[in-house]
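Coordinate analysis (summary)
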Amino acid sequence: MERLTGKVALVTGAGSGIGAAAARRLAQDGAAVLLTDIDAAAGDETAQSVAAGGGRVAFCAHDVTDSAAWVAAVARAVAEFGRLNILVNNAGISGGRHELLDHSLEAWRQILAVNLDGVFLGLRHAGPQIAAAGGGSVINISSILGKVGLGGAAAYCASKGAVTLLSKAAALEWAPLNIRVNSVHPGFIDTPLVSNALATREDGNEMRVALMAAHPLGRFGLPREIGDAIAFLASDESSFMTGAELVVDGGYTAQ
Ligand SMILES: NC(=O)c1ccc[n+]([C@@H]2O[C@H](COP(=O)([O-])OP(=O)(O)OC[C@H]3O[C@@H](n4cnc5c(N)ncnc54)[C@H](O)[C@@H]3O)[C@@H](O)[C@H]2O)c1
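From a predicted model like this one, the values you see are computed outputs, not experimental measurements.

Thresholds applied
- Residues numbered from 1 in each chain as written.
- Predicted model: local features only at pLDDT ≥ 70, side-chain atom pairs only at ≥ 80, totals over all residues.
- Heavy atoms only, no water.
- Helix = DSSP H or I, 4+ residues; strand = E, 2+ residues; numbered from the N terminus.
- Rg over C-alpha atoms; globule rule 2.2 N^0.38 Å.
- Contact = heavy atoms within 4.5 Å.
- Areas by Shrake-Rupley, 256 points an atom, 1.4 Å probe, with all protein chains shown as cover.
- Lys, Arg positive; Asp, Glu negative; His and termini not counted.
- Charge placed at Lys NZ, Arg CZ, Asp CG, Glu CD.
- Salt bridge = Lys/Arg side-chain N within 4 Å of Asp/Glu carboxyl O.
- Buried < 20%, exposed > 50% of the residue type's maximum accessible area, 1.4 Å probe, protein only.
- Pairing = 2+ DSSP bridges.
- Right-handed = clockwise from strand over helix to strand, strands pointing away.
- Near = heavy atom within 4 Å.
- Polar contact = N/O pair within 3.5 Å; in protein donor to acceptor, adjacent residues only side chain to side chain.
- Core = buried A, V, L, I, M, F, W, Y, C linked by side-chain atoms within 4.5 Å.

1. Structural notes on the overall build of the protein chain
Scanning the protein chain from N- to C-terminus turns up eight helices and seven strands. Over its C-alpha atoms the protein chain spans a radius of gyration of 17 Å, differing by no more than 12% from the 18 Å that the globule rule assigns to 255 residues. A principal-axis box enclosing the C-alpha atoms of the protein chain has dimensions of 50 × 35 × 35 Å. Within the protein chain, contacts between residues at least 6 apart in sequence are counted, and of these 71% link residues at least 24 apart. Carbon and sulfur atoms provide 56% of the accessible area of the protein chain, an area that totals close to 11,400 Å². Positive and negative charge centroids in the protein chain, built from 18 and 24 side chains respectively, lie 7 Å apart.

2. Thoughts on the pattern of salt bridges
Per the counting criterion, the structure on display carries twelve salt bridges. Among the ionic pairs, Arg224 bridges to Asp228, the shortest N-O distance being 2.9 Å. Pair noted here: Arg224 and Asp228 are both in helix H8 (residues 223–234), with a separation of four residues, about one helical turn. Residue class for Arg224 comes out partly exposed when judged on its relative accessible area of 49%.

3. Regarding the pairing of strand S1 (residues 8–11)
In summary, the side chains of a regular strand alternate between the two faces of the sheet. Burial along S1 is two-sided: Val8 and Leu10 facing one way and Ala9 and Val11 facing the other are all buried. As paired strands, S1 and strand S2 (residues 32–37) are joined by four bridges and run parallel to one another. Paired with Leu10 across the strands is Leu34, a residue of S2. In this fold, the crossover linking S1 to S2 by way of helix H1 (residues 17–28) has right-handed handedness. By the bridge criterion, three bridges tie S1 to strand S4 (residues 86–89) in an arrangement that is parallel. From the neighbouring strand, Ala9 faces S4, where its bridge partner is Ile86.

4. Re the site of the ligand
Neighbouring residues of the ligand: 28 residues in total, closest Ser16, Asp37, Tyr156, Ile189 and Thr191. Note that a nitrogen atom of the ligand is positioned 3.3 Å from one of the backbone N or O atoms of Ile38. Here an oxygen atom of the ligand and a backbone polar atom of Gly187 are 3.5 Å apart. Surface burial for the ligand is 92%, taken as the share of its 840 Å² of free accessible area covered by protein chains. For the shell around the ligand, the elements supplying multiple residues, two or more each, are H1, helix H5 (154–174) and helix H6 (192–199). Ranked by the residues each element gives to the shell around the ligand, the list is headed by H6, at three residues.

5. Topic: unusual backbone geometry
Residues other than glycine seldom take positive phi values, yet Asn178 does so here, at roughly 65°. With respect to the helices, strands and loops of the structure, Asn178 is situated in the loop between H5 and strand S6 (179–186).

6. Notes on the nonpolar core
Judged by nonpolar contacts, the single largest core of 32 residues is most densely connected at Leu10, Leu84 and Val138. Put simply, the parts of the chain that give this core at least two residues each are S1, S2, strand S3 (56–61), helix H3 (67–81), helix H4 (105–132), H5 and S6. Broken down by element, the residue count for this core peaks at nine residues, all from H4. If near-sequence neighbours (up to four positions away) are discounted, Leu10 is found in contact with Leu34, Thr36, Trp70, Ala73, Val74, Ala77, Leu84, Ile86, Leu87 and Val88.

7. Things to note about the environment of Asn182
Looking at where Asn182 falls in the secondary structure, it is placed in strand S6. With 156 residues separating them along the chain, Asn182 and Leu26 place their C-alpha atoms 16 Å apart. Sequence-distant contacts of Asn182, that is, excluding residues within four places in its chain, are made with Val138, Ile139, Asn140, Ser167, Leu233, Met241, Thr242, Gly243 and Ala244. For Asn182, the side chain forms a polar contact with the main-chain nitrogen of Gly243, separated by 3.2 Å.

In structure tokens, the structure reads:
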């Protein structure tokens, strides 16, 4: 028996990396999945590849910073699959490296808009539909950088730290509605977000080696390893977990 049969999920930022792996895994576990992404070509391609594997999926272009786009995305999930049970607030940006002494307000706002406002809007717009379905599971993708700091990434750390506590506040508020809300904290995962950030640095190769060594398991994580954690939180196997931080980081924050 597939553990998510009969469930409907919406995954943001599903065109690439962790979101694509999560959508694939949720579909493999039997959920119907609405993939959304600001990059329509990437999202469409991922949806087609998940559908080719037998998944019940659809794609909707969607900017998570746009309230009206959230209304349309949630309506599309319900129109396509009948209800909404699972929300994966995954879309995010690294926003590049910014030293605080030279940090523009514009860059700060852009990073907070996608990584934090996007999660708030997801809760705000998907929450009523998940409640109407009798409850469900929300998985917010934070980061190890929502638990520990990193120089040059102040806005990213601030956004991910805020997602950690936003998740706990939502978990408390929504426990009576039977909606569980948890955060996932990946270590460095081999996705375009990381490789593009490293590619902008002259010392990108050395940095990659140093970052891998900062994980006691000695490597970056795979998107699939985060997709598996997300599917666990989406399923009834985690039925007594809410307001929890699921760290999947190869030991990075154990040190
Ligand atoms: N890769 C890592 O090492 C790592 C570690 C910890 C947390 N995370 C978090 O995991 C999530 C996914 O990251 P990833 O590594 O898969 O990145 P990625 O760049 O591979 O994928 C992110 C996806 O989000 C989409 N996106 C960007 N802005 C958007 C917007 N405004 N609206 C909708 N979609 C938008 C992009 O088009 C892209 O398809 C992010 O929240 C990221 O912060 C990543």
